[in-house]
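Coordinate inspection notes
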Amino acid sequence: MKIKYATLFFCILAMISSQLQAQLKNEKASDAKIAAIIKKLTLEEKIGLLHANGIFSTAGVDRLRIPGLMTDDGPLGVREDVKEGWAPANLTTDSATFFPNGSALAATWNPELAYRFGHDMGEEARARKKYIMLAPAFNIARTPLCGRTYEYYSEDPFLNARLAVQSVKGIQSQHIAACVKHYALNNQEVERGRVSVDVDERTLREIYLPAFKASVTEGNAWTIMSAYNKLRGNYCSENEYLLNKILRGEWKFKGIVISDWGGTHSTVKAANNGLDLEMGSRPPYKNYYFADKLLDSVKAGKVSQQVIDDKVKHILWVMYQTSLSSNPPAGALNTPGHSKTAYDIAAESIVLLKNDGHLLPLNTGSLKSIAVIGDNATHNFHLGGFGAGVKARYEVTALAGLQNRLGKSITINYAQGYSGVYRPSRTTPDPETKPDSAMIAQAVAAAKSSELAILFIGGNRDYESESRDRKDLGLPFSEQTLVDAVTAANPKTIVVVIGGAPYDIGKIKKNNSTIVWSWYNGSENGNALADVLTGKINPSGKLPFTFPAELKDSPAHALDAYPGENLKVEYKEGILVGYRWFDTKKIEPLYCFGYGLSYTDFKYSDLKTAQTSYPAAGNIIATVRVKNTGKYAGKETVQLYVSKEGSVVERAEKELKAFKKIMLAPGATANVTLSIPVKDLAYYDVKTGKWIVEKGKYKLLAGTSSRDISETKMIKIN
Ligand code: BGC
């Protein structure tokens, strides 16, 4: 038996080593090919490869059959084609699957779904001949006001990294380059093109860089987008420290550094400090920093030929992984499988915030009538928000989803309740809407004449958008007035809030019995929502960020460190971002990080570790028993946090270090195993520039959210 295992082991080893050798040989082959091509290119042709020649494209070199690069947005699916000036190209071939937004994906806490999202979007990109997807986007949610919170994932670097790596791997499995963005610290939209971030080194390393690092070192991302803002006085697109030292030097990045659109500010500095490709959407492209000006700078000896050759090498290398790859997958657009992925993400992302009256799941057997109220019940979310729009082949709205699932047996009385039109302009940057008494009266009538009311409120893709932050956390469109009126008319009111970022729903939490949180949830949005409301799907989403009770409780706002002064923003809260701040400072949030209920209950017990002490190079293996004590089958995300008391450096009260999503039948129990490499307990030491694992005691905390911890266990690191 032993011999058999040994033979098997050696066979596997031999297989892996021959695969590695083949890969190395391929790489060498393409390295040699690339070197040969570079020799043949004229300087003018090389420069032609380093800047845009259209909104999403670059020129190739026909003479040598080098194609141009074709990029496309973005995080929610492959966007529609546009003409110069961003006008839609009005094609009939450019619709795509609309995948749930970034924070929805993060709320699934399911890296497998992140992989499927990437895989399917990559397949669509390939079918549409877009070889670089400008996704995923995962800047840390430093302030809940950031207009792009919905595109991004989380306030937590660990959750962020786990999802980012899988999204990248999924996209690139289709020989399509992921372009991870925005590197780095684009945590606000206010003055994003001019603001300089001042962040201490430890915070940079522990909070803002981990997902980028993991995307490159584990996910092997082929391209990265530099952010619009500055870090410590230097634009990210010409930042020697971020690009040359960290990205290429420490992380060994081999691919293309792409500027954000119009985010290049110099020729010589950007060229020498690590930018490869200047993108933007405004012609004339020959006036770009990396066009004629770069040619002149090379001729003047300010940028070396070698620097140019390196950039060309990065570009050709990515082409060999993508548009010029051997045996590329076929690509496919709008398949039932892609719809299923969009549905599965949506279904696992929806967060049950409150279910005190047990109105949910709906008792569809006895219900005869429901009122469906609110603009968000019929609103589409696929377009809007600049870069992140998708021309969806279809989108099932919440009302359509309920009609699909219940329409035959239950009368649905719809009332719009409010208008969700939001059109900021230069003269009115923040248009206010007043409650519409006629619409409210119709909503009240619908609620009164139905057994139960479901209210769909929240934001939309015009209200939450790239290029501006929200001014506060308040619900838009006077929605609270509508909620109050409908709830008074029918106490059996379920409030479904749709948004991509935290909102102030404190009054609803106080006055309403039932609250569901949903997102800009993709093509299958309404079907997934209806299935959660009717209990076909047991909700399992968990919040990927803290909902503060008040904006001023949030760290950047508590310290008056947003949006900065004189175009400088100092990240005064340091490492205490998100729940790290709320926990350490003992501030009660409205809803905490990791929170989300289920129709069933889970009981945790018996947290154990394989050993009581571990060496610095070890791997902590923890198991916790989880029992489904309710009557519904359901998924639970087991969260494992670590706390270090008496540390030599400032520490957050606890930090997420592992999580696992499991499925349990009613009454079933599982022993859930989670592992934490001891090196993940390290802090970044600013004096030595090294990651240091402190010796001594650590507490492991297992629970269903960051604040509902039921099991703890001490371990020691020797
Ligand atoms: C955004 C990027 C986007 C690009 C192209 C920029 O304004 O910041 O995320 O990929 O536009 O649409």
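Further up the page is the structure itself.
These notes cover the structure that comes with them. (Residues numbered from 1 in each chain as written. Predicted model: local features only at pLDDT ≥ 70, side-chain atom pairs only at ≥ 80, totals over all residues. Heavy atoms only, no water.)

Here we come to the site of the ligand. As a matter of local geometry, the ligand sits amid 14 residues, with D73, R148, H182, D260 and E466 nearest to it. R148 places a side-chain nitrogen or oxygen 2.8 Å from an oxygen atom of the ligand. The side chain of E466 places a nitrogen or oxygen atom 2.5 Å from an oxygen atom of the ligand. When the free accessible area of the ligand is taken as 310 Å², the share hidden by the protein chains comes to 95%. Partitioning the shell around the ligand into residue classes produces six nonpolar, two polar and six charged. (Near = heavy atom within 4 Å. Polar contact = N/O pair within 3.5 Å; in protein donor to acceptor, adjacent residues only side chain to side chain. Areas by Shrake-Rupley, 256 points an atom, 1.4 Å probe, with all protein chains shown as cover. Nonpolar A, V, L, I, M, F, W, Y, C, P; charged D, E, K, R; others polar.)

Moving on, we come to unusual backbone geometry. Note on backbone geometry: most residues besides glycine have negative phi, and most peptide bonds are trans. The omega torsion of the bond from D73 to G74 falls at -5°, within 30 degrees of zero and hence cis. Looking at where G74 falls in the secondary structure, it is placed in the loop between β1 (71-72) and α3 (102-108). For N220, which is not glycine, the phi torsion reads 60° and is therefore positive. Relative to the elements of secondary structure, N220 occurs in the loop between α7 (210-217) and β5 (223-226). (Helix = DSSP H or I, 4+ residues; strand = E, 2+ residues; numbered from the N terminus.)

Our next topic: the pairing of strand β10 (residues 369-373). The element β10 is extensively covered by neighbouring structure, given that five of its five residues are classed as buried. What you see with β10 is no split at all: S369, A371 and I373 on one side and I370 and V372 on the other are buried throughout. Both β10 and strand β11 (residues 411-415) contribute to a ladder of five bridges, which runs parallel. Pairing of A371 across the sheet is with N413, part of β11. (Buried < 20%, exposed > 50% of the residue type's maximum accessible area, 1.4 Å probe, protein only. Pairing = 2+ DSSP bridges.)

We now examine the sheet that holds β10. Across a sheet, paired strands are connected by hydrogen bonds in the backbone, their directions being either parallel or antiparallel. Ordered in space as β9-β14-β13-β12-β10-β11, the six strands form an open sheet in which the pairing is mixed. On the outer flanks of this sheet lie β9 (351-355) and β11, each paired with one strand and no other. Averaged over all neighbouring strand pairs, the angle between strand axes comes to 20°, with direction disregarded. Strands β10, β11 and β12 (452-458) of the sheet are contacted by helix α13 (residues 398-406), whose axis makes an angle of about 170° with β11. On top of the sheet, helix α15 (residues 479-489) reaches β10, β12 and β13 (493-498); it is set at about 175° to β12, its chief contact. (Axes fitted to C-alpha atoms, helices over the stretch in contact; angles between N-to-C directions. Contact = heavy atoms within 4.5 Å.)

A few words now on the packing of aromatic side chains. The way to describe two aromatic rings as a pair is by their centre distance and the angle between their planes. Counted by the stated rule, this structure contains 30 aromatic pairs. Relative to W517, the ring of Y503 has its centre 6.2 Å away and its plane inclined at 40°; by these criteria the two rings are tilted. In this pair, Y503 sits in the loop between β13 and α16 (506-511) while W517 sits in strand β14 (residues 514-518), placing the two residues 14 residues apart along the sequence. Side by side, Y503 and W517 carry an identical accessibility label, which is buried. A connected cluster of aromatic rings, assembled from ring pairs, spans Y418, Y422, Y463, F477, Y503, W517, W519, F545, F547, Y591 and Y595. When the ring centre of Y503 is taken as reference, the NZ or CZ atom of R470 above it lies at 4.2 Å. The ring of Y698 is capped by K644, whose NZ or CZ atom sits 4.9 Å from the centre of that ring. (Phe/Tyr/Trp six-rings, centres within 6.5 Å; stacked < 30°, edge-to-face > 60°. Lys NZ or Arg CZ within 6 Å of the ring centre and 35° of its normal.)

The next subject is helix α14 (residues 437-448). The terminal C-alpha atoms of α14, which comprises twelve residues, lie 16 Å apart, in line with the 16 Å expected from a rise of 1.5 Å per residue. For α14, the elements touching its buried residues are β10, β11, β12 and α15. The backbone nitrogen of A438 has a side-chain oxygen 3.1 Å away, supplied by the residue at the start of α14, namely D436. (Expected span 1.5 Å × (residues − 1).)

Counted under the stated rule, the structure contains 47 salt bridges. A salt bridge links E432 to K471, with the nearest nitrogen and oxygen atoms 3.8 Å apart. Residue E432 is found in the loop between β11 and α14, and its partner K471 is found in the loop between β12 and α15; the two are separated by 39 residues along the sequence. The closest approach of N and O atoms between D484 and K507, which form a salt bridge, is 2.9 Å. In this pair, D484 is assigned in helix α15 and K507 in helix α16, connecting sequence segments 23 residues apart. For D484, a relative accessible area of 28% puts it in the partly exposed group. Shared partners join several salt bridges into a network, and the residues in it are D583, K586, E588, E653, K654 and R707. (Salt bridge = Lys/Arg side-chain N within 4 Å of Asp/Glu carboxyl O.)

Residue pairs spaced three or four apart in an α-helix point in one direction, given the helix's 3.6 residues per turn. Of all ten residues in helix α17 (residues 525-534), ten are buried, a share of seventy percent or more. N525, G526, N527, A528, L529, A530, D531, V532, L533 and T534 are the residues of α17 that are buried. Of the surrounding elements, those touching the buried residues of α17 are α12 (336-349), α13, β12, β13 and β14. Looking one or two residues beyond α17, the residue adopting positive phi is G535, at roughly 90°.

For the rest of this paragraph, the subject is the side chain of N334. Turning to its location among the elements, N334 is positioned in the loop between α11 (305-321) and α12. The exposure class assigned to N334 is buried, which follows from its relative accessible area of 15%. From its side chain, N334 meets the backbone oxygen of S95 in a polar contact 3.4 Å long. A polar contact is formed between the side chain of N334 and the backbone nitrogen of T97, at a distance of 3.2 Å. Leave out the neighbours within four places in its chain, and N334 touches S95, A96, T97, E124 and R393.

Next up on the list: a negative patch on the surface. Negative charge collects at one region of the surface, where D198, D200, E570 and E650 lie side by side. Here D198 shows up in strand β4 (residues 196-198). (Patch = residues over 30% accessible without salt bridge, like charges linked within 9 Å, V, L, I, M, F, W, Y side chains within 5 Å. Lys, Arg positive; Asp, Glu negative; His and termini not counted. Charge placed at Lys NZ, Arg CZ, Asp CG, Glu CD.)

The next subject is the environment of I258. Mapped onto the elements of the fold, I258 is located in strand β8 (residues 256-259). With 21 residues separating them along the chain, I258 and S237 place their C-alpha atoms 8.2 Å apart. Excluding its chain neighbours within four sequence positions, the residues that come into contact with I258 are I132, C179, T223, I224, M225, S226, L275, L277 and M279.

A general feature of soluble globular proteins is that nonpolar side chains tend to end up buried together. Y183, I373, I454, F456 and I505 are the most contacted members of the largest nonpolar core, which has 195 residues in total. In this structure I454 touches L362, I370, A371, V372, I373, L402, I494, V496 and L533, once residues within four positions along its chain are discounted. Formed by 25 residues, the second largest nonpolar core is a distinct cluster that contains Y604, V624, V626 and I715. (Core = buried A, V, L, I, M, F, W, Y, C linked by side-chain atoms within 4.5 Å.)

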